[in-house]
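Single-letter residue listing:
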Amino acid sequence: MKIDLTNTTSSKINAALMEARRTSGSTAAGMVLTLVIVTDEGSAYDALKAANDASREHPMRTLAVIKRAGRSPRARAETRLDAEILVGSDAGSGETVVLRMHGELASHAQSVVLPLLLPDAPTVVWWPDNAPLHPAQDPLGALAQRRITDAVTAESPVGQLAQRAQSYTPGDTDLAWTRITGWRSMLAAALDQRPSAITSVMVEGESYNPSVELLGLWLLNRLHVPVERVVTGGPGITAVHLRTKDGDITLDRPDGLMGTLSMPGSPDRQVALKRRETSELIAEELRRLDPDDIYSTAVRTPVERLREHDDTAPAAAEQIAQAVEASVAEADGGPVEADKKPAAKKAAGKRAPAKDGA
């Protein structure tokens, strides 16, 4: 069932929802939360589709807030609220209300949304893109117990992590973190099966992907070892190498579908690591409405603590070795003896990582 209301109010929308519920034969709401989606016309379709799919696991009322401030002075002066109500199969397992706010009303969206929230039920606000700098201080974000952003849609996705760390408030989360749940589960399970002392970690993934950085920061916090960041062609995260004295524990996913888990002394195993749809990510975030302390720790860790992979390190080490040999030869007044060359190269090789770390 679809109902269109033009130049309406929140009370008329509530009355239309109750009438639509009675018409469909359901007098009780039967919904567990309210999801507020703050978006624009360009992203509304995909966001609503993801929310409708997620509502099959979490029956909810979805409020899509679309702000139309207007480009001309006349359009900005016109204050109007239009609503599109979807109930039944068109709205998944719940109710959907698309709120289009025109003119000055767009600056006071919370006054329209507040009367439409389900009573005695949690509220979640999701910004599919263009999230505010401080979600908890946003008028709509202040109404919610959980606030969901997506750093990958920002102009500088990795730089957005620093902003999320600065503005973090308990209840904040980001879909870049949700995307690495499978990786974290697989890596934790691998270490449970084969407890080993990890000496260092290498995380491989495409550039400008905040999920790669968050996975590296999580490993840095949990293992307390150096973590190296390697840029690949993707898609997404492509591999994680946990280095031990017995060999590498490797989780490799080059195609974004299936992963291969390799451990020393064990045969390789295929594991499911498919890149998930937005609806699956939203459904996962709606399963828990308490603050995510592990995400808080990871996002607050400076990205600069990850070491970038440097392919020039071997060449630099060789150059240092040659310089050492030349200086030794000049000091001795003759060519370096054959048995001294390996020692000089070895000493130079030890100094190279210190130079890269600086």
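Details of the structure are given in the entry above.
S.K.: Which residues make up helix α2 (residues 41-54), and what values do they have?
M.R.: Given a rise of 1.5 Å per residue, 14 residues ought to cover 20 Å, and the 20 Å separating the end C-alpha atoms of α2 matches this to within 8%. Along α2, the residues that are buried comprise S43, A44, A47, L48, A50, A51, N52 and A54. Residues of α2 that are buried in the fold lie against β2 (33-39), β3 (60-68), β5 (94-102), β6 (123-126) and α9 (278-285).

S.K.: Please give an account of the packing of aromatic side chains that cites residues and values.
M.R.: Per the stated rule, a full pass over the model turns up two aromatic pairs. Between W177 and Y295 the ring centres are 5.7 Å apart and the planes differ by 55°, which places this aromatic pair in the tilted class. Taken together, the residues W177 in helix α6 (residues 175-178) and Y295 in helix α10 (residues 293-299) connect sequence positions 118 residues apart. Taking the relative accessible area as the measure of exposure, W177 reaches 1% and is therefore buried. Lying across the ring of W218, R184 places its NZ or CZ 5.8 Å from the centre.

S.K.: Mind laying out the nonpolar core, listing which residues take part and the relevant values?
M.R.: Ranked by internal contacts, the top residues of the largest apolar core, which has 34 residues, are L187, V201, V203, L215, L219, V240 and L242. For this core, the secondary-structure elements that each account for two or more residues are α6, α7 (181-193), β9 (200-206), α8 (210-223), β11 (237-244), β12 (247-252) and α10. Sequence-distant contacts of V201, defined by excluding residues within four places in its chain, comprise L219, L223, V225, P226, V227, E228, V240, H241, L242 and R243. Ranked by size, the runner-up nonpolar core spans 26 residues in total, among them V87, L99, M101 and L117.

Cut-offs used in this document
- Along each chain, residues carry numbers from 1 onward, in the same order as the chain's sequence is written.
- In keeping with the predicted nature of the model, local features appear solely for residues at pLDDT of at least 70, side-chain atom pairs appear and are counted solely at 80 or more, and the whole-chain, interface and lining totals rest on all residues.
- Here the side-chain values reflect all heavy atoms present in the structure, with hydrogen atoms and water set aside.
- Counting from the N terminus, the helices are DSSP H or I runs at least four residues long and the strands are E runs at least two residues long.
- To estimate how far a helix should reach, multiply one less than its number of residues by 1.5 Å.
- Buried means the residue's accessible area, taken with a 1.4 Å probe over protein chains only, is under 20% of the maximum for its type, while exposed means over 50%, and partly exposed covers the values in between.
- By definition in these notes, contact holds between two residues if any of their heavy atoms fall within 4.5 Å.
- Pairing of aromatic rings covers Phe, Tyr and the six-membered ring of Trp, with a centre-to-centre limit of 6.5 Å; geometry is then stacked below 30 degrees between planes, edge-to-face above 60, and tilted otherwise.
- Comment: the charge-over-ring label is applied if NZ (Lys) or CZ (Arg) is within 6 Å of the ring centre and within 35 degrees of the ring normal.
- Put simply, a nonpolar core is a bunch of buried Ala, Val, Leu, Ile, Met, Phe, Trp, Tyr and Cys residues held in one set by side-chain atoms that sit within 4.5 Å of each other.

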